Structure formats: structure tokens, C-alpha cells
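Inside the fold
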Amino acid sequence: EATSRAFGSLGELLNLTADQYDNLGSSIAYAGVNSAATEAEIVSVATAIAGIGTQAGLSADYTIGLSTALASLRVPAEQSRGALTRIFQEVNRAATIDPNAMDEFANVMGTTTEKATALAKTDMGSFFTQFITGINKVSAGDPTKITAQLDALNLSDIRITNTITRLSQNLPLFKKSMEDVGYSFKNGTFLAESYKAKVDDLASRFAILKNAFAEFG
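In this text the structure is predicted, and so the values were computed from the model without any measurement.

1. Considerations on the layout of surface pockets
Its boundaries defined by the atoms lining it, the largest pocket holds a volume of some 220 Å³. Lining the largest pocket are 13 residues, and of these Gln-55, Ala-56, Phe-88, Gln-89 and Asn-92 lie nearest its centre. Among the secondary structure elements, those contributing two or more residues to the lining of the largest pocket are α3 (39-56), α5 (77-96) and α7 (113-122). Broken down by element, the residue count for the lining of the largest pocket peaks at seven residues, all from α5. Each residue belonging to the lining of the largest pocket can be placed in one class, and the counts come to seven nonpolar, five polar and one charged.

2. Looking at the nonpolar core
In this structure, Leu-66, Phe-105, Phe-127, Phe-128, Phe-131 and Phe-174 are the most contacted members of the largest nonpolar core, which totals 60 residues. Not counting residues up to four positions away in its chain, the partners in contact with Phe-127 are Val-91, Met-102, Phe-105, Met-109, Ala-116, Leu-119 and Ala-120.

3. Description of the packing of α5 against helix α8 (residues 124-139)
The N-to-C vectors of α5 and α8 enclose an angle of 105°; their axes lie 12 Å apart at closest approach. The orientation of α5 relative to α8 falls into the category roughly perpendicular. The segment α5 lies against α8, with Leu-84, Ile-87, Phe-88 and Val-91 engaging Met-124, Phe-127 and Phe-128.

4. A look at α8
If you check α8, its first and last C-alpha atoms are 22 Å apart, about what 16 residues at 1.5 Å a residue would give, namely 22 Å. All buried positions along α8 are accounted for by Met-124, Gly-125, Phe-127, Phe-128, Phe-131, Ile-132, Thr-133, Gly-134, Ile-135 and Ser-139.

5. Observations regarding the confidence of the model for the chain
Per-residue confidence for the chain averages 89 on the pLDDT scale, and 87% of its residues sit at or above 70. Here helix α12 (residues 190-215) stands out as the element of the chain with the lowest mean pLDDT, 52, in contrast to helix α4 (residues 60-72), whose mean of 98 is the highest. Per-residue pLDDT stays below 50 along residues 208-213; that stretch engages in zero contacts with residues further than four places along the chain or on separate chains.

6. Regarding the side chain of Asn-23
By secondary structure assignment, the location of Asn-23 is in helix α2 (residues 21-34). According to the relative accessible area criterion, Asn-23 is buried, its value standing at 16%. Residues contacting Asn-23, with those up to four places away along its chain left out, are Ser-184, Phe-185, Lys-186 and Gly-188.

7. Things to note about unusual backbone geometry
One non-glycine residue with positive phi stands out, namely Ala-140, at about 55°. With respect to the helices and strands, Ala-140 occurs in the loop between α8 and α9 (143-152). Notably, Asn-154 is not glycine yet its phi reads approximately 60°, a positive angle. The residue Asn-154 is located in the loop between α9 and α10 (158-169) in this model. Here Asn-154 falls in the partly exposed class, since its relative accessible area comes to 42%.

What counts and what doesn't
- Residues numbered from 1 in each chain as written.
- Predicted model: local features only at pLDDT ≥ 70, side-chain atom pairs only at ≥ 80, totals over all residues.
- Heavy atoms only, no water.
- 1 Å grid on protein atoms, 1.4 Å probe; cavity = no way out; pocket = protein on both sides within 12 Å on 5 of 7 lines; lining within 4 Å.
- Points joined across faces, edges and corners; volume = space filled by probe spheres on them.
- Helix = DSSP H or I, 4+ residues; strand = E, 2+ residues; numbered from the N terminus.
- Nonpolar A, V, L, I, M, F, W, Y, C, P; charged D, E, K, R; others polar.
- Core = buried A, V, L, I, M, F, W, Y, C linked by side-chain atoms within 4.5 Å.
- Buried < 20%, exposed > 50% of the residue type's maximum accessible area, 1.4 Å probe, protein only.
- Contact = heavy atoms within 4.5 Å.
- Axes fitted to C-alpha atoms, helices over the stretch in contact; angles between N-to-C directions.
- Parallel < 35°, antiparallel > 145°, perpendicular 65-115°, else oblique.
- Expected span 1.5 Å × (residues − 1).
- pLDDT = per-residue confidence, 0-100.

Given below as C-alpha cells:
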């Protein structure tokens, strides 16, 4: 019952409709099988960041993908929420009232200020992915360079530094988490298929056991 409540609460935070819960469950189950994080760890991070992610414009599948990456990299749920809250606030400020600040983001992302601003306003998931990819390129994985770049973006915070460093230094893991969840959320069948496989497996074991007893009958 507690699990059902937590699952329902996460769905509400992600603004899901009733017919999307199979997609949510499938994406979490698939990520739990194919990542270094358990389903419980993914849900913990997702519950922490879903509210701010939805407010910032992240899609449900992007939030679960990001949660999978963060949980796999052992970034605590509360740290993830604190870091992302600051980042999204700064991006929003840059996109709405401070074009000079957006210049800095655009430089990191390898695009123009106009394109970065448009992306921040219409597709925060793509903006964030390009930002993490850009940090990876400009820093070449050097923690000192990452810290200096975040300072230039007005993101001087130990939670942000730790979170962005782990994501940018593990870019393949980050992108794989996004791809896995994107696929399984859209498909929406992994949870049902897994349950059927388990039921079929139990049925097979029962049949074998029944036959074994019959031999002694």
C-alpha cells in the first residue's frame, strides 16, 4: 500500500494521466534492470526532483532518465533536488531577464544565445542535455575546470559542482539512461512483460515439481 501511494504521488508530480502509469512503471522497471540503480533508488530521486523538473519543463520520461543517472552515480536525492533547483532558477533568470548570463550558457553549449534562450523556454530537457555535454567538452573531465565554469555561470555551490561533475564525467551513462527510459516509457510494456515472464516461469517450475511428484506416485 505504501508503495502504491509513493507511485501515485510520483505520477501526480509528473502530471501523468491515468493511462500513463503503465509507461511510468515500465520505464522505472526497465531502468532498474539496465542500470546500476535499483527501482527504489530511482523512485527516491525521481520523487525528490519531479516537482521542480515539471515546473522547469522536463518531460516525465526525461525526469525518470535523469533520476536513473543520478541514482546510478550515487548522487543523493536531496542533493539532486537542491542542485537542480538552483540550476533551473539560474537558467530561467538568464532566459527571461539576463541575456549576458545566457551568453555564458550558450558558450558552454556551443550554440548562439538566441538558440539557447529559445531552447530554455521550449525544451528544458534538450537544454540540460546540451549543457551537460558542453561541460564535458570544455572541461575535458577536469574538476578544476568544471568548478571554474560553474563559477562563471553563477552556479557556485558544492551540491551543484558535485552533481554536474558526476554527470559530465559519466556522459555515456547519462545518455544511456535517457535512451533506455525514453524507449521503455514510450513502449510501456516492459512491466507487463516482466510480470508475465515471472508467472510463466513459476508455472513451469510448478509443472516440473508436479511431474516429479507424479513419478513417485
